[in-house]
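# Overview (structure and organization)
Each chain, written out:
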Amino acid sequence: MTRNNLMNPNIILSIAFKQINAISIAALIAISTIFAPLASVYAAPLPPGTTGVKWHPGHYYTIQNWANDDPIYMAQVYKELEATPALRGMQLRYLWGWLEKSPGVYDFSSIDKHLEKLTAMNKRLVIQVQTKSFEADWKLIPDYLKAPEYEGGAFPFRDWGSPTIDGYNIKLWNTNVRKRLTALLRAMGERYNSHPNFEGIGLIETAMGQATTPLTKAQTDGWFNNLIVVQKNMRTFFPNTMTIQEINYPREYLKQITSEMVKIGGALGCPDIYPDEPGLNFIGNAYSPQGAYKYFSQLSGIVPIAPTVEKVNYLNTRGDKQGHVPTVQEILVFARNELKPNYIFWQRLPEYVGQVLEVMSWKRQISTPSGGLISTCPSAYSSCITD
């Protein structure tokens, strides 16, 4: 290049524009790399003013929370979902402590990643926010909730007869804990309610666990009263999305919470399908209220019914192991005939997945999109979005 060329304004401008253009293109590529996952996650939101609720009943996988981001495990899950029309999607579980890093700072990247993949397959995602842990070392809550204003955030419990701490449950009777949980759900509603493939969101079982320091009646009452408040808020945050509350125990609080779920149009789930479990199947009498399963059959058609098959349900028909080892077909027949569900979540475990997939291939499960489960839009919904 000669000195004259360097001094030529036109050439200088041409070079400058080329450099700016190259930088702009590089910047756009970088930006698109950052935001591409979110763009595809939010690719076709529900139109503003939509009043119905997304409704794609049927069979879904449930993924253990340790496996949410295990690449080998999840690659196999997606392969099975794609090859199995009767599986309409999956439920992922996230501990509260995984989702909120500090007050109001949330990490939804794992949810976004799976929602994007499921959307590309035309499958659906259901999320459970876990506010109870079943191992003492799980990170149940954000660290800031351990402050005095939250009473430490969680209480330890043990299983009946156990000498050790088996997990923790949140101190939901504390108003500040309730407000923080509500804030998390509000942020999730803003992000996911309008996504057509985000099918549902729920909270874990009502069984509180046997607290190592016995709870007072005021604490237990406050816990359930605040759970109802949280569920009411969740319906507001997710007007177009199924919101689920798992119920099982204590039986004396189930009428209160199921009555409120009917009023707000919330779904009822259960963490176990035990065909022979006495407490869940209890018909009720003048001295003791009915078990959770009776509410399902009574309220089917009014609100969504969405129970879960856990690992323990593959092992025995009773929680105390005094029943027998059921087949997957036996679990399905009991659930379909007695609980009258719209959704069933099948915990995906390597040792049982072959049996589940075999049953999912049978005619009853592949003949309808709902896999033989009740597909009628529940009366608690103004309308159902089935597209």
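All values reported here derive from a predicted model rather than from experimental measurement.

### Some points on the side chain of Asn248
As for its position among the elements, Asn248 is in the loop between strand 11 (242–246) and helix 8 (254–264). Of the residues examined, Asn248 reaches a relative accessible area of 6% and is grouped as buried. A distance of 3.0 Å separates the side chain of Asn248 from the side chain of Glu205, its partner in a polar contact. A polar contact of 3.0 Å, which involves the side chain of Asn248, links it to the backbone nitrogen of Ala207.

### Side note on empty space enclosed by the protein
Tallied over the full model, the rule gives two cavities of 30 Å³ or more. If you add up the space inside the largest cavity, you get close to 50 Å³. Around the largest cavity, the lining residues are Gln91, Val126, Ile127, Gln128, Gly202, Leu203, Ile244, Glu246, Ala306, Thr308 and Phe345. A total of three residues in the lining of the largest cavity trace back to one element, the largest contributor, which is strand 6 (residues 124–130). Split into classes, the residues belonging to the lining of the largest cavity amount to six nonpolar, four polar and one charged. Estimated volume of the second largest cavity: approximately 40 Å³. Lining the second largest cavity, in full, are Thr131, Asn169, Leu203, Ile204, Glu205, Trp223, Leu227 and Gln245. Here the lining of the second largest cavity is composed, by residue class, of four nonpolar, three polar and one charged.

### Some details on the confidence of the model for the protein
Put simply, the protein has an average pLDDT of 90, and 89% of its residues get 70 or more. Taken as a whole, residues 1–40 scores under 50 in pLDDT and shows nine contacts with residues more than four places along the chain or in a different chain.

### Quick look at the pattern of salt bridges
Applying the stated criterion across every chain, the model contains 12 salt bridges. Residues Arg191 and Asp112 are paired through a salt bridge, measuring 2.6 Å at the closest nitrogen-oxygen approach. Within this pair, whereas Arg191 is found in helix 6 (residues 175–192), its partner Asp112 is found in helix 5 (residues 109–120), the two being separated by 79 residues in sequence. Here Glu205 ties to Lys132 by a salt bridge, and the two come within 2.5 Å at their closest N and O atoms. One end of the pair, Glu205, is in the loop between strand 9 (198–203) and strand 10 (210–211); the other, Lys132, is in the loop between strand 6 and strand 7 (154–158), and 73 residues separate them in sequence. On the basis of relative accessible area, Lys132 is assigned to the buried category, the value being 3%.

### As for the state of the cysteines
This model, assessed by the stated rule, comprises one disulfide. Here Cys377 engages in a disulfide with Cys384; their sulfurs sit 2.1 Å apart. Here the disulfide of Cys377 and Cys384 is right-handed, its torsion about the S-S bond being about 85°. Using a relative accessible area of 29% as the deciding quantity, one classes Cys377 as partly exposed.

### Some details on the packing of helix 8 against helix 10 (residues 292–299)
Orientation of helix 8 relative to helix 10, taken along the N-to-C sense of each, is 25°, at an axis distance of 11 Å. Viewed along their axes, helix 8 and helix 10 adopt a mutual orientation that is roughly parallel. Crossing handedness for the pair helix 8 and helix 10: right-handed. Together, Leu254, Lys255, Thr258 and Val262 of helix 8 and Ala292, Tyr295 and Leu299 of helix 10 make up the contact between the two elements.

### A look at the nonpolar core
Grouped together as the largest cluster of nonpolar side chains are 89 residues, with contacts concentrated most on Met90, Ile111, Ile127, Met188 and Trp346. With residues up to four places along the chain from it excluded, the contact list for Met90 reads Tyr60, Tyr61, Ile63, Met74, Val77, Tyr78, Leu81, His114, Leu118, Arg124, Leu125 and Val126. Grouped together as the second largest cluster of nonpolar side chains are 12 residues, Met242, Ile244, Ala267 and Phe345 included.

What counts, and where the lines are drawn
Residues numbered from 1 in each chain as written. Predicted model: local features only at pLDDT ≥ 70, side-chain atom pairs only at ≥ 80, totals over all residues. Heavy atoms only, no water. Helix = DSSP H or I, 4+ residues; strand = E, 2+ residues; numbered from the N terminus. Buried < 20%, exposed > 50% of the residue type's maximum accessible area, 1.4 Å probe, protein only. Polar contact = N/O pair within 3.5 Å; in protein donor to acceptor, adjacent residues only side chain to side chain. 1 Å grid on protein atoms, 1.4 Å probe; cavity = no way out; pocket = protein on both sides within 12 Å on 5 of 7 lines; lining within 4 Å. Points joined across faces, edges and corners; volume = space filled by probe spheres on them. Nonpolar A, V, L, I, M, F, W, Y, C, P; charged D, E, K, R; others polar. pLDDT = per-residue confidence, 0-100. Contact = heavy atoms within 4.5 Å. Salt bridge = Lys/Arg side-chain N within 4 Å of Asp/Glu carboxyl O. Disulfide = S-S within 2.5 Å. Axes fitted to C-alpha atoms, helices over the stretch in contact; angles between N-to-C directions. Parallel < 35°, antiparallel > 145°, perpendicular 65-115°, else oblique. Left-handed = near helix turned anticlockwise from the far one by under 90°. Core = buried A, V, L, I, M, F, W, Y, C linked by side-chain atoms within 4.5 Å.

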